[in-house]
Amino acid sequence: MSTEDFNAIAGLLDTYYDGLYHCDIERLRQVLHPSALYACASDGKLLTYDMATYFSVVAQRRSAASQGLAKSSRIVRIEFAGPVTAWVHFECTIPPRRFDDRLTLVKLDGRWQIISKVFHYEDLGAGPVSGG
């Protein structure tokens, strides 16, 4: 795909991670499609949210930023499945967890958006819990 699409997705991922780190729902709304699916089974049970529920959960969290917690992220891979579909492997840490996200993106009306967020997390140790 084009460098423009790659750069647009990289920028989206910056906004996505900043939204998680700051518990900023408005940033997350910019990158998550309103119909996006959130799914995780790290604790052995399937947990899914629609976006209204997910945003409500995020709004109740104490942000990692407000706690001065370390922040790190990296794009492992961006793979295009055509001009309007992409898949991203993204890793990030928001203590006390490390997240391994698999994000599916669609390009609608000229803008990339996350349509599904399926992830696994690992606890890094004791400390306050933020989250993905």
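These numbers were taken from a predicted model, which means no experiment stands behind them.

S.K.: In this structure, what is going on with the pairing of strand S4 (residues 85-94)? I would like to understand it.
M.R.: Strand residues, when the strand is regular, have side chains that alternate between the two faces of the sheet. Taking burial as the measure, the ten residues of S4 include eight buried ones, the bulk of the element. Direction of pairing for strand S3 (residues 72-80) relative to S4: antiparallel, over a ladder of eight bridges. Within S4, the residue paired with Arg77 across the bridge is His89. Where S3 folds back on S4, the antiparallel hairpin that results is connected by four residues, among which Gly82 adopts a positive phi of roughly 130°. Sheet topology places S4 next to strand S5 (residues 97-108); ten bridges connect them, and they run antiparallel.

S.K.: Whenever I open this one, the environment of Ser73 confuses me. Can you help?
M.R.: Among the structural elements, Ser73 can be located in strand S3. A relative accessible area of 38% places Ser73 in the partly exposed class. Expressed as a C-alpha distance, the spacing of Ser73 and Asp14, which sit 59 residues apart in the sequence, is 8.9 Å.

S.K.: Can you walk me through the pattern of salt bridges in this structure?
M.R.: Once the charged atoms of two side chains with opposite charge are near each other, the side chains can pair. Throughout the structure, instances matching the rule amount to ten salt bridges. The partner of Arg74 in a salt bridge is Glu91, and the shortest N-O contact between them spans 2.9 Å. Here Glu91 lies in strand S4 and Arg74 lies in strand S3, a separation of 17 residues in the sequence. Between Glu91 and Arg98 there is a salt bridge, and its shortest N-O distance comes to 3.5 Å. Overlapping salt bridges bring together Arg74, Glu91 and Arg98 as one network.

About the cut-offs
Residues numbered from 1 in each chain as written. Predicted model: local features only at pLDDT ≥ 70, side-chain atom pairs only at ≥ 80, totals over all residues. Heavy atoms only, no water. Buried < 20%, exposed > 50% of the residue type's maximum accessible area, 1.4 Å probe, protein only. Helix = DSSP H or I, 4+ residues; strand = E, 2+ residues; numbered from the N terminus. Pairing = 2+ DSSP bridges. Salt bridge = Lys/Arg side-chain N within 4 Å of Asp/Glu carboxyl O.

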